[in-house]
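Now for the letters of each chain:
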Amino acid sequence: MLKITSKEFNVTEAIRNRIESRLEKLDRYDVQLINPHVIILTEGPWFKIETSIKLGNGQLFAQAKHQNLYAAINAMGQRLEKQLNRLTHKPAKRTLFNGDLAEDYATEDAA
C-alpha cells in the first residue's frame, strides 16, 4: 500500500495518480515493493520529493527537487528505476579461487 505524506498542502487525486503511475513502472523488474512511502515537501519555490521503498533484498531511496511538482515526481521515478536496474542486473560476486574459476586460472598459467 502506497503511503503519501505532505504537511504543506493536500495531496490531490492527480498527484496521487502521477506517483502511482510512476511507481508502476518499477513492476517490470519483477520485485515486490514493500511499504513504499513518498514524502512531499516544499522549500520556497521548490518541491522536494523523498521516496523510500523496501525490497526483499534491500532498500531503495531517492529524492528529487524541482520547481514543478510533476517534474520532481518524474526525476524521483527515474532515480528509483536506475537503482532498481542496478540491483537486479548486478552480476553475482565471484571469488578468485573457487570451483571452475580457479581451474580456468590454473590452465592459463600452464599455457
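In this report, the structure presented in the accompanying data block is examined. All chains use their own residue numbering, which begins from 1 and follows the written sequence. Per-residue local features are limited, in this predicted model, to residues with pLDDT of at least 70; the limit for side-chain atom pairs, both in listing and counting, is 80 or more; totals at the level of whole chains, interfaces and linings are taken over all residues. Hydrogens and waters are ignored; side-chain quantities use all the structure's heavy atoms.

Strand pairing is assigned whenever DSSP detects at least two bridges linking the two strands. By the criteria applied, helices consist of DSSP H or I runs no shorter than four residues and strands consist of E runs no shorter than two, each listed in order from the N terminus. Pairing of strand β1 (residues 3-6) with strand β2 (residues 34-43) involves four bridges; the strand directions are parallel. Looking at the pairing, serine 6 lines up with isoleucine 40 of β2. Taken together, β1, helix α1 (residues 13-24) and β2 constitute a β-α-β crossover, and its handedness is left-handed. For β2 and strand β3 (residues 46-55), the ladder comprises eight bridges, and the chain directions are antiparallel. If you follow glutamate 43 over to β3, its bridge partner there is tryptophan 46. In this structure, the hairpin formed by β2 and β3 is closed by a connection of two residues, where glycine 44 is found at a positive phi of approximately 65°. Crossover handedness is defined here as right-handed if the route from the first strand over the helix to the second strand goes clockwise, with the strands pointing away from the viewer.

We now examine the nonpolar core. Buried Ala, Val, Leu, Ile, Met, Phe, Trp, Tyr and Cys residues that are joined via side-chain atoms within 4.5 Å together make up what is termed a nonpolar core. Buried residues are those whose accessible area, probed at 1.4 Å on protein chains only, stays under 20% of the maximum for their type, while exposed residues exceed 50% and partly exposed ones sit between those limits. With 21 residues, the main nonpolar core has Ile19, Ile40, Ile49 and Leu80 as its most contacted residues. Of all the elements, helix α2 (residues 69-88) adds the most residues to this core, at six residues. Two residues form a contact once any of their heavy atoms are found within 4.5 Å. In this structure isoleucine 49 touches Val38, Ile39, Ile40, Ala62, Gln63, Ala64, Leu69, Ala72, Ile73 and Met76, once residues within four positions along its chain are discounted.

Relative to each other, α1 and α2 sit at 20°, their axes nearing to 9 Å. Taken together, α1 and α2 sit at an angle that is classed as roughly parallel. Between α1 and α2 the crossing geometry is right-handed. Contacts between α1 and α2 involve Ala14, Ile15, Arg18, Ile19, Arg22 and Leu23 from the first element and Leu69, Tyr70, Ile73, Asn74, Gly77, Gln78, Leu80 and Glu81 from the second. Only the contacting stretch of a helix is used when fitting its axis, a line to C-alpha atoms as for every element, and angles between N-to-C directions run 0 to 180 degrees. Here the angle decides the label: under 35 degrees means roughly parallel, over 145 means roughly antiparallel, 65 to 115 means roughly perpendicular, and every other value means oblique. Crossings are classed by handedness, with left-handed meaning an anticlockwise turn of the near helix from the far one by less than a right angle and right-handed meaning a clockwise turn.

A carboxyl oxygen of Asp or Glu within 4 Å of a side-chain nitrogen of Lys or Arg is what we treat as a salt bridge. Summed over the entire model, instances satisfying the criterion amount to six salt bridges. A salt bridge links arginine 22 to glutamate 81, with the nearest nitrogen and oxygen atoms 3.1 Å apart. In this pair, arginine 22 is assigned in helix α1 and glutamate 81 in helix α2, connecting sequence segments 59 residues apart. Residue arginine 22 is classed as buried on the basis of its relative accessible area, which comes to 8%. Given the relative accessible area of 12%, glutamate 81 is considered buried.

That's the geometry; what it means functionally is another story.
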